[in-house]
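Listed below are the residues making up each chain.
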Amino acid sequence: PAMSAASTETSAPLPTAGSRVFFQPSSGVGCVGSGPITSGEDPVQKKQGKVTVKYDRELRKRLVLEEWIIEQLSELYDCEEEEMPEVEIDIDDLLEVTSDDERASKLQESLTDCYKPTEDFVRELLCRIRGMRKLSAPTKKGL
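Because the structure is a prediction, the values reported are computed rather than measured.

Q: Help me out: how do you make sense of the side chain of Thr118 in this one?
A: Mapped onto the elements, Thr118 comes out in the loop between helix H5 (100-110) and helix H6 (119-129). Residue Thr118 is classed as buried on the basis of its relative accessible area, which comes to 5%. Beyond its immediate chain neighbours, meaning those up to four positions away, Thr118 contacts Leu76, Gln108 and Leu111.

Here's what the structure looks like:
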């Protein structure tokens, strides 16, 4: 009897949890949205795939951007990456502010010890991050 109790316990909550999580997104899919839960799970998986792809794309954009930033900084500071001063440019942080002015001043702060003019770099960087999404979950703000 102990075993049967355990098995009903594990199998019973699953469908309800599934419908709670999956129903809203799959209703947008249309064709299978009204079907039973079993077929309803498929579009959700496809949807998740898209999300991952989008995330990968953002990640790739971010990596390209970071490489570009390092390249620019080594020119600005006129030294190799290893000798570069500690410059922290947090893209997520920049994306959190909505106005370019604020972003620019944040960047200028990061580059205070740079003796070359940084305006072009700042302008170009702001252009590049326009339309990017933050990668880290926005939840960390509340902590």
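After that view, the rundown keeps rolling.
Q: Could you clarify how one ought to interpret the packing of aromatic side chains in this entry?
A: Centre distance and the angle of the planes are the two values used to describe a pair of aromatic rings. For the structure on display, the rule yields 1 aromatic pair. Aromatic side chains Trp68 and Phe121 sit 5.5 Å apart centroid to centroid with 20° between the ring planes, which places their arrangement in the stacked category. Taken together, the positions of Trp68 in helix H3 (residues 37-76) and Phe121 in helix H6 put the pair 53 residues apart, joining distant regions of the chain. An identical accessibility class is assigned to Trp68 and Phe121; each is buried.

Q: Looking at this structure, I do not really get H6. What am I missing?
A: Note that an α-helix has 3.6 residues per turn; residues three or four places apart therefore point the same way. Here H6 has its buried residues at Phe121, Val122, Leu125, Leu126 and Ile129. What you see down the axis of H6 is that its buried residues fit within an arc of 130°, all on one side. Exposed residues pointing more than 90 degrees away from the buried face of H6 are listed as Asp120 and Arg123. Two residues or fewer after H6 comes Gly131, characterised by a positive phi angle close to 85°.

What counts as what
Residues numbered from 1 in each chain as written. Predicted model: local features only at pLDDT ≥ 70, side-chain atom pairs only at ≥ 80, totals over all residues. Heavy atoms only, no water. Helix = DSSP H or I, 4+ residues; strand = E, 2+ residues; numbered from the N terminus. Buried < 20%, exposed > 50% of the residue type's maximum accessible area, 1.4 Å probe, protein only. Contact = heavy atoms within 4.5 Å. Phe/Tyr/Trp six-rings, centres within 6.5 Å; stacked < 30°, edge-to-face > 60°. Arc of directions from axis to C-beta.

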